[in-house]
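Descriptive structure summary
One letter stands for each residue in the lines below.
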Amino acid sequence: MTERAAAGLWVGVVSLFPEMFEAIARHGITGRAVATGRVALEFWNPRDHATDRHRTVDDRPYGGGPGMLMKVDTLRAAIHAARQRAVEATGQRPRVIYLSPQGRRLDQRGVQELASGPPLVVVAGRYEGIDERVVEADIDEEWSIGDYVLSGGELPAMVLIDAAARLVPGVLGHQDSAVEDSFNAGLLDCPHYTRPEEIDGRRVPQVLLSGNHGAIRRWRIKQSLGRTWLRRPDLLEGRALSDEQRELLAEFIEEYAD
Ligand SMILES: COc1ccccc1CNc1ccc(C(N)=O)cn1
């Protein structure tokens, strides 16, 4: 029985390939979030706003050069329709997001900002992108999932929506204590183990089999801190650690040096 919930996150998607979004809308945790209404996804395809016989959605770049851009009138019609629906569905004006390599780098803090704000309209570019005047007139924020170029903004949009959906209350069944999470947030995750107890002679760390939940908790925090220190020391820069965290990290470093 999937209970109906008020959408914790409303996302309008502007894309030429809406069927790509089945990857998040029909599967797993995000699929269930959509099925239960915790996350609402609606789609607008610029091609549906084409008025010519060939249903054109691309246009040639002024100044020449390789490739095409998204046609302005069909793209803007789709964005405006999505924006209007966002207000109707949520009573709030949406934040219009454009995914591009020129955008602000997305990290967990940015995901938290986007997930906790107004409804989103996410614009997935194709071809070589969109007219800069559309960015100025219709886009509120430009975001990038990393320094690489993809064939379209759909995969970046799905990355953003997936990460934001996980932060909607009720989406992750195993909502741990918020306090614990906030302390460990921003650190790398500890190692995880499941059956069997031995794989190719490699055993599960004994503490995890001990049933001593205090020791297990401390071991996991120590491993998270230690891994972060080893692999991403930048994440520890300028970060205040609790007394317990400082002790555990010192222990890890001590053992690592041995
Ligand atoms: C040539 O493609 C474009 C050119 C300009 C804008 C959008 C696109 C669509 N492609 C994208 C989109 C986002 C990202 C990212 N790093 O977030 C990577 N590629």
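Scroll up for the structure.
Residues numbered from 1 in each chain as written. Predicted model: local features only at pLDDT ≥ 70, side-chain atom pairs only at ≥ 80, totals over all residues. Heavy atoms only, no water.

What follows covers the sheet that holds strand S7 (residues 141-144). Taken together, five strands build an open sheet; the order of strands is S2-S1-S6-S5-S7 and the sheet is parallel. Each of the sheet's edge strands pairs with one partner strand only, and the pair in question is strand S2 (39-44) and S7. On average, adjacent strands in this sheet sit at an angle of 35° to one another, irrespective of strand direction. As judged from the six bridges shared by strand S1 (residues 9-14) and S2, these two strands associate in the parallel manner. Opposite valine 14, over in S2, you have tryptophan 44 as the bridge partner. Of the strands in this sheet, S1, S2, strand S5 (95-105) and strand S6 (120-124) touch helix H3 (residues 72-90), which is tilted by about 165° from S1. Strand contacts of helix H4 (residues 108-115): S1, S5, S6 and S7, with the helix running at about 165° to S5, the strand carrying the most contacts. (Pairing = 2+ DSSP bridges. Helix = DSSP H or I, 4+ residues; strand = E, 2+ residues; numbered from the N terminus. Axes fitted to C-alpha atoms, helices over the stretch in contact; angles between N-to-C directions. Contact = heavy atoms within 4.5 Å.)

Moving on to a nonpolar patch on the surface. A cluster of nonpolar side chains, contributed by Tyr148, Leu150 and Leu155, occupies part of the molecular surface with about 280 Å² of accessible area. You can call leucine 150 partly exposed: its relative accessible area is 37%. (Patch = residues over 30% accessible without salt bridge, like charges linked within 9 Å, V, L, I, M, F, W, Y side chains within 5 Å. Areas by Shrake-Rupley, 256 points an atom, 1.4 Å probe, with all protein chains shown as cover. Salt bridge = Lys/Arg side-chain N within 4 Å of Asp/Glu carboxyl O. Buried < 20%, exposed > 50% of the residue type's maximum accessible area, 1.4 Å probe, protein only.)

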